[in-house]
Amino acid sequence: IILMHDEATQPSDQDGRRFDRAAMLTLVFALLILLTSTAQLIYRYFLPTDGWLSVTDDLNSAELLYFANLVGAPSGLLVQDSVTGVEGTPLGQYPAGETPPFWYAGNTLRYDVQRGDQSLTVAVPIVHWTFRAFVKNLTVDPAPLINLLGIVVFLGVGALAFFRRPDDPAARALLIFVSVIAAQTISALLPDGLSTVFDPVANITSGFFGYVIFGVLIAPALLSFTLVFPHPKPIVVRRPWLAYAPFLIGAVIFVALVTTKAWQPGWIGTMLMMLASLIALGHSVLTMRDSVSRAQLLWAFGGFVLGIGLFLFNFPAAFGWVGDAAYAFTVVANLGIPIMGLGLGMAVLRYRLFDIEVIIRRTTAYALLTALLALIYFGSVVILQQALTPLIGDATPAVVLSTLLIAALFLPLRRRVQSAIDRRFFRRKYDAEKVLERFAATARDETDLDV
């Protein structure tokens, strides 16, 4: 992962768009992590499944709590059932990543279920995922859909900032951060459940992108970003290797997770690095005095504090402190990363990585222009058809004349719409343009070319 190198610690060139080796390696990593997550999602889509949305009720337990029948196949399961075993064997006794001989689509299995105070055995068909079930997973609970939409916006923000300023260490760090978050979100588009537990490839990849990635990549990427945003800290300028230090910590966490088979190192490491990120960002707020940096930091710090506050709801659920309310805490925590991302995105977009006002002006103008042209087109087609059809018996000329009318109106109408928007919403820019127009007219009329 390349966030910065020796040249990146120096002021960048004037336009900040030099696409050097560091930028290329950053882009390659971002694409690789996104494509890998997408590939494992596609692989999991074709695995046998019971078709339910289920979660682990407690990180120390192998039991699964079932919430929704996504595929819709007739099943003996009910919402809020806790599955403790399959075919008479407790779930904790099945080796992770090994496929039992009975696990294939078309078979019907006996699930051991805890339903309230009752212990039952119910019949559950094994099926394949469907596209309808995939979409239903995004709508059965609003939090994942909000999370997905937030990540899409955040990824777009990071990509636009990077391609605008690939020579900026903060833009490169932001792209790494948004890419690993997007990779985790892609993996979460499909529930894990027993289809993942019983498959070796899915068990490893889903475990990495769904859980391990938080401590190994997401938290380190966030800490690296705060070390170079909005400018690299003096200690990072003197010792560029410190920009990589969070990823070394992530590597240590990964080794600890693999060797100990425990989840605590990941959660504790994630929490500590996020708190360190908050401290680094707070340090920048206190030490960076120029107006642009402070404006960026206000947006970033506000979004970061609120996002971290929501994300920390994961920890009471993970450590089993809130009992039956664990899932509700997880739903609230899902909103933390998008809010944090949007805050950082506003900081980057609004202040100098590129002019967001240009996008707003153009988007508003062309949206209104499109609506007006569509109204004029369909109105003229109706009117001309009423007028010409009785005379010539054909409606084609009405369509042709309406199209020519739209082509003739496009440029003058666009200028008027843009002028009206600037006059109403961007008055300072509008007044400046009018002053320049008057100056140009005065200079043209009063200049004596014969002198």
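The structure this text deals with has already been given above.
Quantities reported herein were computed from a predicted structural model and do not represent experimental measurements.

Scoring rules and cut-offs
Starting from 1, residues in each chain are numbered consecutively following that chain's sequence as written. Where local features are concerned, this predicted model is filtered to residues with pLDDT of at least 70; where side-chain atom pairs are given and counted, the filter is 80 or more; whole-chain, interface and lining totals use all residues. Excluded from the side-chain calculation are hydrogens and water; included are all heavy atoms of the structure. Whenever a carboxyl oxygen of Asp or Glu lies within 4 Å of a side-chain nitrogen of Lys or Arg, that contact is scored as a salt bridge. Secondary structure follows DSSP: runs of H or I at least 4 residues long count as helices, runs of E at least 2 residues long count as strands, and numbering of each begins at the N terminus. A 1.4 Å probe rolled over the protein chains alone gives each residue an accessible area, and that area as a share of the maximum for its type sets the label: buried under 20%, exposed over 50%, partly exposed in between. An expected span of 1.5 Å times one less than the residue number is assigned to each helix. All axes are obtained by fitting lines to C-alpha atoms, using only the stretch in contact for helices, and the reported angles, taken between N-to-C directions, cover 0 to 180 degrees. For classification, angles of less than 35 degrees are called roughly parallel, those exceeding 145 degrees roughly antiparallel, those between 65 and 115 degrees roughly perpendicular, and all remaining angles oblique. Crossing chirality is assigned from the near helix's rotation relative to the far helix, an anticlockwise turn below a right angle marking it left-handed and a clockwise turn marking it right-handed. Any pair of residues with heavy atoms lying within 4.5 Å of one another is described as a contacting pair. Each residue is assigned to one of three groups, with Ala, Val, Leu, Ile, Met, Phe, Trp, Tyr, Cys and Pro labelled nonpolar, Asp, Glu, Lys and Arg labelled charged, and all others, Gly among them, labelled polar. We call a set of buried Ala, Val, Leu, Ile, Met, Phe, Trp, Tyr and Cys residues a nonpolar core when their side-chain atoms join them within 4.5 Å.

Comments concerning the pattern of salt bridges
- Considering all chains together, one arrives at 3 salt bridges under this definition.
- Here Asp192 makes a salt bridge to Arg44, at a shortest N to O gap of 3.3 Å. Taken as a pair, Asp192 in the loop between α4 (169-187) and α5 (193-197) and Arg44 in helix α1 (residues 21-45) lie far apart in primary sequence, 148 residues in all.
- Among the residues examined, Arg44 registers a relative accessible area of 2% and is labelled buried.

What about α1?
- Taking 1.5 Å as the rise per residue, α1 with 25 residues should run 36 Å; its terminal C-alpha atoms sit 36 Å apart, in good agreement.
- For α1, the full list of buried residues reads Ala22, Ala23, Thr26, Leu27, Phe29, Ala30, Ile33, Leu34, Ser37, Gln40, Leu41 and Arg44.

A few points about the packing of helix α6 (residues 200-228) against helix α8 (residues 245-260)
- Where α6 contacts α8, the axes come no closer than 8 Å and their chain directions differ by 160°. Looking at the two axes, α6 sits roughly antiparallel to α8. Remark: the crossing between α6 and α8 carries right-handed chirality. Packed against α6, whose contacting residues are Phe208, Val212, Gly215, Val216, Leu217, Pro220, Ala221, Leu223, Ser224 and Leu227, the element α8 presents Pro246, Phe247, Gly250, Ile253, Phe254 and Leu257 at the interface.
- Residues that form the contact of α6 with α8 fall into these classes: 13 nonpolar, 3 polar and no charged.

Describing the packing of α8 against helix α9 (residues 264-287)
- As a packed pair, α8 and α9 sit with axes 9 Å apart at the nearest point and diverge in direction by 165°. Viewed along their axes, α8 and α9 adopt a mutual orientation that is roughly antiparallel. The handedness of the crossing between α8 and α9 is right-handed. Residue-level contacts link Pro246, Ile249, Ile253, Ala256, Leu257 and Thr260 of α8 to Pro265, Gly266, Gly269 and Met273 of α9.
- Taken together, the residues of the contact of α8 with α9 break down into 7 nonpolar, 3 polar and no charged.

Things to note about the nonpolar core
- Within the largest apolar cluster, 69 residues are counted, with the highest numbers of intra-cluster contacts made by Ile33, Phe177, Val180, Ile213, Leu217, Ile218 and Phe229.
- For this core, the element with the highest residue contribution is α6, accounting for 14 residues.
- For Ile213, the contacting residues outside a window of four places in its chain are Val180, Ala183, Gln184, Phe208 and Ile218.

Scope: geometric values only; no functional claims are made or implied.
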